[in-house]
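A look at the structure
As a plain string of letters, each chain reads:
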Amino acid sequence: MLKGVFFCITANFLFGLGYYFAILLRPLSGESMFGFRIIVLIPFILLAILLFKQTPKFTQLWKKIKKNPPLIFILLLLALNTGVQLWLFMWAPNNGQAIPVSIGYLLLPIVAVALGKIVFKEHFTLLKWLSLIFAIIGVGINIILTGDFSWGTLVSGIGYPLYITLRRYFDINNLATFFIELLLVTPFALYFISQTEMQPILIENHYLYAILALFGLVNGVAFIAYIASSNLLPVNVLGLLGYMEPLVMLAISFIIGESLDSKSYILMICLSLAITLLTIDNFRQGRLKR
């Protein structure tokens with residue numbers, strides 16, 4: 001149990017720490033950072049697949065596609081979402097959207113719970129209902145006070161839960177599918193890299209390639225640690241420890257100079273209450289199962 005908790009905390013901390021690499025990789029553009037991230041991530045995902053013996057998942061995926069050819073379009077849709085999310089993660093810290101995207105990650109588990117109820121008819125406890133109500137109230141008040149709602153928050157807070165729901169619904173929620181998604185977006189990654197003039201960038205950032213290698217290592221270790229923890233911990237504990245990533249992202253947002261608009265305080269309070277209720281509910285469900 002303790003080993004699983006250590007692996008999970010390490011994974012989520014490293015995932016969140018990846019946010020700061022967008023600063024370290026300056027003056028690369030968000031698109032170039034996205035391109036390099038795909039290239040350095042692919043070998044580590046393949047390594048994780050080999051380490052955890054998930055290669056049979058490729059065969060299973062192929063059989064599913066042969067049985068249900070329209071699944072190809074679902075894979076393309078998943079790849080599109082993966083590309084957008086990985087790009088947004090690198091683009092946001094350099095374009096004043098670090099906090100909105102971090103808030104989206106805090107909103108993510110609440111939206112995922114709602115989709116679980118809608119799509120999979122999962123049991124909804126009173127605490128889950130209250131959590132959802134607080135989130136809706138927070139978002140509604142934020143829209144009233146500010147007149148809009150950050151697109152970065154929407155893309156990260158709704159895009160990922162939809163992505164996870166599709167993978168679960170079609171029973172393709174594994175690393176092999178993620179690897180295929182990365183391969184599908186690789187042509188775009190290579191295009192963005194090819195459009196980057198490296199010489200002036202290397203003059204300004206002498207350690208760029210070393211930072212890219214370190215970024216790939218951090219991502220790779222994070223994925224491997226998370227998979228290891230998922231084999232050692234119950235789902236509810238994984239979910240609770242998963243809140244560390246957006247909290248690290250939020251902390252980095254403040255470190256790089258962004259500040260929370262006073263009009264968003266109510267949203268953050270409501271999200272904090274919603275997450276607290278989900279946490280309590282997860283503990284209760286875990287105890288009941290034991």
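What counts as what
Residues numbered from 1 in each chain as written. Predicted model: local features only at pLDDT ≥ 70, side-chain atom pairs only at ≥ 80, totals over all residues. Heavy atoms only, no water. UniProt positions renumbered as here; feature names shortened; annotations may be inferred. Helix = DSSP H or I, 4+ residues; strand = E, 2+ residues; numbered from the N terminus. Rg over C-alpha atoms; globule rule 2.2 N^0.38 Å. Contact = heavy atoms within 4.5 Å. Core = buried A, V, L, I, M, F, W, Y, C linked by side-chain atoms within 4.5 Å. Buried < 20%, exposed > 50% of the residue type's maximum accessible area, 1.4 Å probe, protein only.

With an unreviewed UniProt entry as reference, the protein is termed EamA family transporter RarD, source organism Haemophilus paraphrohaemolyticus. In UniProt, the protein has this text filed under Sequence similarities (unreviewed entry): "Belongs to the EamA transporter family." What UniProt states about the protein under its Subcellular location (unreviewed entry) heading is, verbatim, "Cell membrane".

Tallying secondary structure elements over the protein gives 14 helices and 0 strands in all. In terms of C-alpha radius of gyration, the protein reaches 19 Å, essentially the compact-globule figure of 19 Å for 290 residues. Projected onto its principal axes, the C-alpha coordinates of the protein cover approximately 55 × 50 × 40 Å. Across the protein, contacts joining residues at least 24 apart in sequence account for 87% of those joining residues at least 6 apart.

Before going further, it helps to examine the nonpolar core. Counting 58 residues, the largest nonpolar core has Y19, L25, L28, I38, I45, F178 and L182 as the members making the most contacts within it. When residues no more than four places from it in sequence are discounted, the contact partners of F178 are L41, I45, T82, Y163, R167 and F223. Grouped together as the second largest cluster of nonpolar side chains are 23 residues, I110, L115, M268 and L271 included.

Attention now goes to the UniProt feature "domain: EamA" (unreviewed entry) in the protein. Here, the residues flagged by UniProt with the feature "domain: EamA" (unreviewed entry) are residues 3–141. Structurally, residues 3–141 comprises 81% helix and 0% strand, and the distance from its first C-alpha atom to its last is 41 Å.

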